Amino acid sequence: MKDLIHIEGLLHKYQTANEEIVALKDIDLNIEEGEFVAIIGHNGSGKSTLAKHLNALLLPDQGRVIVNGLDTKIKEHLWNIRQQVGMVFQNPDNQLVATTVEEDVAFGPENLGVDPARIRLLVDEALHGVGMDGFHLRAPHLLSGGQKQRVAIAGIIAMRPKIIVLDEPTAMLDPIGRREVMETVLKLNKQEGLTVVYITHFMEEAAFAKRIVVMEKGQIALDGAPEKIFSMVAELKAMSLDVPPMTELSHALIDEGLSIPREITTIEEMVVALCR
Amino acid sequence: MSIRLEDVSYTYLPNSPYECNALQNIDIQIEEGEFIGIIGHTGSGKSTLIQHFNGLLKPTTGRVTVDDIDLGSKSADLRAIRQRVGMVFQYPEHQLFEETVFEDIAYGPKNMGLSTEKISSMVQKAMSTVNLDFEKYRYMSPFTLSGGEKRRVAIAGVLAMEPKYLILDEPTAGLDPKGRNEILVNIEQLHKKEKMAVVFVTHSMDDIARLADRLIVINSGRIIFSDTPRKVFKEYEVLQKTGLDIPTVGRLMLELQKKGWNVRNDLLTIEEAKNEIMKHAREVGRNA
């Protein structure tokens, strides 16, 4: 597999009125095509700043960010990079622009100058991909939170990106909305091979990723499979983080003398372990 | 003494093409010292409902009273009511505006026309409740703080008015696990130590299962359940149909039942789940 994202020695500084704040430092990160990477870290650890480097919304003060072979610092690459790396943010209401769902999803491809007949196809496929067939003519502002986020995701995938970056996409959603978004993202990753970078504060959501990157003070503190990351309970708590509920339960059961693996992170894994 | 809603209905934009019945025939009584959770999917009417508790919205029909004061009567002193019923909105840190943490928290008490000493002691007390060290934070700009700290400053601003009832609309949304826990612990202590009545609107079934004495479930502007968390979370089929869910441990138990385990599914905490699983394990003779 080739690296879709290649970051080396990334440094990012903010200038405030009286001081310079280092938001990202010494970041080396490679993400391969088809990966599902969750990024966790406390508020202010640098997660969102890092995400904004992935599609050249921010540019490195030092180091390089290469997206599918394109250096984000080179201005001519900008639109190409933005088309390849789609972003979804926390608040669905800030991302919807049109009066119907289909116009909203068509907004991206229209701006790329795609032929109208092709746009129709892209919109239909994108809405199908997020499980929103038949919602074409609905008004986006009247949808539920989960549906709005899925329309936002459809608007991204209609541009046929290589990577989708989601920055806390479920923070404002109700439980079913959260599940709808999570299932949609998992499906796009598995079935369409879309590369996913998923920023979240919900440890149980991060558990669904194949790999977790933990940010702390603008640096990458840990990087590995969920089973490995969530076995480091003390380290995570020291970084204001936690483990998913099922990991906590598995540790409690082991303390009671039950022999199950320590690395359980999801309900599914817990059921398998208990029913062996 | 209590907050009471009697047959309250609320219609947005009445007599227009966009007319919308946001609340219908709501009866609620919130007693002093209670901890109530309000759950419902996005758009179910939760935020509209809580804005009736301190007179920010007036019911289209029906009556709201706070400690027997009718909020609809001309003589009702809404300023005094809003001091008694403190409201923490979603993302309250967006409302921070002063230059220092102290000034921001002092804004409410200052408007109550209190003495400088009294204001200072109220701010100190509010800061200590949310675990913000007075000397360390008082001169800091709220805008240099972390997300969790900002949120606690905003909550302290409401607590400084010493409300009897505290209403919080999704107070932990967007916070990291530690920030979330800190706020939950603060609220739990306010309830336990200060006997403050708490109304907590949330999308986190795991948190509210553990915290609330009573759970009110809103769907399409109506109350569909009002009972203990344990009884409400038994209704998982209805809850899932209305965009909600049951706590993680309850979902685990349902899956285990499908595998033929004889376990309860009305569990609320990790501790309870552990005990139920160990009980089953002993019954079937499984051990280490």
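Residues numbered from 1 in each chain as written. Chains lettered and ligands numbered in written order. Predicted model: local features only at pLDDT ≥ 70, side-chain atom pairs only at ≥ 80, totals over all residues. Heavy atoms only, no water.

Draft legend 1. Region of the structure containing the sheet that holds strand S1 (residues 2–12) of chain B. Residues and elements named next belong to chain B. Across the sheet, four strands lie side by side as S2-S1-S4-S5; this open sheet has antiparallel pairing. The open sheet is flanked by strand S2 (20–31) and strand S5 (69–70), the only strands paired with a single partner. In this structure, S1 lies alongside S2, joined through eight bridges in antiparallel fashion. Directly across from Thr 11, in S2, lies its bridge partner Asn 21. (Pairing = 2+ DSSP bridges. Helix = DSSP H or I, 4+ residues; strand = E, 2+ residues; numbered from the N terminus.)

Draft legend 2. Region of the structure containing the interface of chain B and chain A. Contact with chain B, which involves 36 residues of that partner, is made by 37 residues of chain A. Approximately 3200 Å² of surface area, both sides summed, lies buried where chain B meets chain A, with 63% of it carried by carbon and sulfur atoms. Here chain B and chain A share two salt bridges between them. When the shortest N-O distance is used, the salt bridge between A:Glu256 and B:Lys274 registers 3.2 Å. Connecting chain B to chain A are nine residue pairs in polar contact (both at pLDDT 80 or more). (Contact = heavy atoms within 4.5 Å. Buried area = accessible area lost by both parts, 1.4 Å probe. Salt bridge = Lys/Arg side-chain N within 4 Å of Asp/Glu carboxyl O. Polar contact = N/O pair within 3.5 Å; in protein donor to acceptor, adjacent residues only side chain to side chain.)

Draft legend 3. Inspection of the packing of aromatic side chains at higher detail. All names here are of chain B. Following the criterion strictly, the structure yields five aromatic pairs over all chains and no others. Ring geometry for Phe 35 against Phe 200: centres 6.1 Å apart, planes inclined by 35°, an arrangement best described as tilted. One end of the pair, Phe 35, is in strand S3 (residues 35–39); the other, Phe 200, is in strand S8 (residues 197–201), and 165 residues separate them in sequence. With centroids separated by 5.0 Å and ring planes inclined at 90°, the aromatic side chains of Phe 97 and Tyr 107 adopt a geometry described as edge-to-face. Here Phe 97, found in the loop between strand S6 (85–88) and helix H3 (101–111), pairs with Tyr 107, found in helix H3; they are 10 residues apart in sequence, far enough to count as distant. (Phe/Tyr/Trp six-rings, centres within 6.5 Å; stacked < 30°, edge-to-face > 60°.)

Draft legend 4. Fine view of helix H4 (residues 116–129) of chain A. Residues and elements named next belong to chain A. Between its first and last C-alpha, H4 extends 20 Å over 14 residues, near the 20 Å set by a 1.5 Å rise per residue. Along H4, the residues that are buried comprise Ile 119, Leu 122, Val 123, Ala 126, Leu 127 and Gly 129. Down the axis, H4 shows its buried residues gathered within 150° of arc, on one side only. Turning to H4, the residues buried within the fold contact helix H3 (101–111), helix H5 (145–157) and helix H6 (175–192). (Expected span 1.5 Å × (residues − 1). Buried < 20%, exposed > 50% of the residue type's maximum accessible area, 1.4 Å probe, protein only. Arc of directions from axis to C-beta.)

Draft legend 5. Main features of the environment of A:Leu258. All names here are of chain A. Structurally, Leu 258 is set in the loop between helix H10 (245–255) and helix H11 (267–274). Classification of Leu 258 as buried rests on a relative accessible area of 4%. Between the alpha carbons of Leu 258 and Met 246 there is a distance of 15 Å; along the sequence they are 12 residues apart.

Draft legend 6. Layout of the side chain of B:Asn186. Structurally, the position occupied by B:Asn186 is in helix H7 (residues 177–193). Look past the residues within four positions of B:Asn186 in its chain and what remains in contact with it is B:Thr129, B:Val130, B:Asn131 and B:Arg152.

Draft legend 7. Looking closely at the environment of A:Gly218. Residues and elements named next belong to chain A. Tracing the sequence through the fold places Gly 218 in the loop between strand S9 (211–216) and strand S10 (219–224). Exposure remark for Gly 218: the relative accessible area of 2% places this residue in the buried category. In the structure, Gly 218 is positioned 34 residues away from Thr 184 in sequence and 30 Å away in space, judged by C-alpha atoms. With residues near it in sequence (within four places) discarded, Gly 218 still touches Ala 23, Leu 24, Lys 25, Ile 27 and Ser 45.

Draft legend 8. Just a nonpolar patch on the surface, in detail. There is a patch of nonpolar side chains on the surface, built from B:Tyr12, B:Leu13 and B:Tyr18 and spanning about 360 Å² of accessible area. Its location among the elements puts B:Tyr12 in strand S1. (Patch = residues over 30% accessible without salt bridge, like charges linked within 9 Å, V, L, I, M, F, W, Y side chains within 5 Å. Areas by Shrake-Rupley, 256 points an atom, 1.4 Å probe, with all protein chains shown as cover.)

Draft legend 9. Layout of the packing of H10(A) against H11(A). Residues and elements named next belong to chain A. One way to put it is that H10 packs onto H11 with a least axis distance of 9 Å and a crossing angle of 25°. Classified by the angle between their axes, H10 and H11 sit roughly parallel to one another. The handedness of the crossing between H10 and H11 comes out as left-handed. Side by side, H10 and H11 meet where Met 246, Leu 249, Ser 250 and Leu 253 of the first sit next to Ile 267, Met 270 and Leu 274 of the second. (Axes fitted to C-alpha atoms, helices over the stretch in contact; angles between N-to-C directions. Parallel < 35°, antiparallel > 145°, perpendicular 65-115°, else oblique. Left-handed = near helix turned anticlockwise from the far one by under 90°.)

Draft legend 10. Main features of the confidence of the model for chain B. Of the residues in chain B, 99% reach a pLDDT of 70 or more, and the chain-wide mean stands at 93. Reported confidence for the predicted complex is 0.86 by ipTM and 0.89 by pTM. (pLDDT = per-residue confidence, 0-100.)

Draft legend 11. Quick look at the pattern of salt bridges. All names here are of chain B. Scanning all chains against the criterion turns up 34 salt bridges over all chains. Across the pair Lys 178 and Glu 182 runs a salt bridge, and its minimum N-O distance is 4.0 Å. Linking Lys 178 with Glu 182, this pair stays in helix H7, spanning four residues, or about one helical turn. Connected via shared salt-bridge partners are Glu 32, Asp 67, Arg 84 and Lys 164.

Draft legend 12. Spatial organisation of the sheet that holds S3(B). All names here are of chain B. Taken in spatial order, the six strands make up an open sheet running S6-S7-S8-S3-S9-S10, and their pairing is mixed. If you trace the sheet from one side to the other, it starts and ends with S6 and strand S10 (222–227), each paired once. For this sheet, the mean angle separating the axes of adjacent strands, direction not counted, is 15°. In this structure, S3 lies alongside S8, joined through four bridges in parallel fashion.

Draft legend 13. Molecular detail of the environment of A:Glu103. Tracing the backbone through its elements, the reader meets A:Glu103 in helix H3. Through-space distance from the C-alpha of A:Glu103 to that of A:Pro169 is 21 Å; in sequence the pair is 66 residues apart.

Draft legend 14. A look at H6(A). An ideal rise of 1.5 Å per residue puts 26 Å on 18 residues; H6(A) measures up with 25 Å between its terminal C-alpha atoms. Where H6(A) terminates, the next one or two residues include A:Gly193, which has phi positive at roughly 70°.

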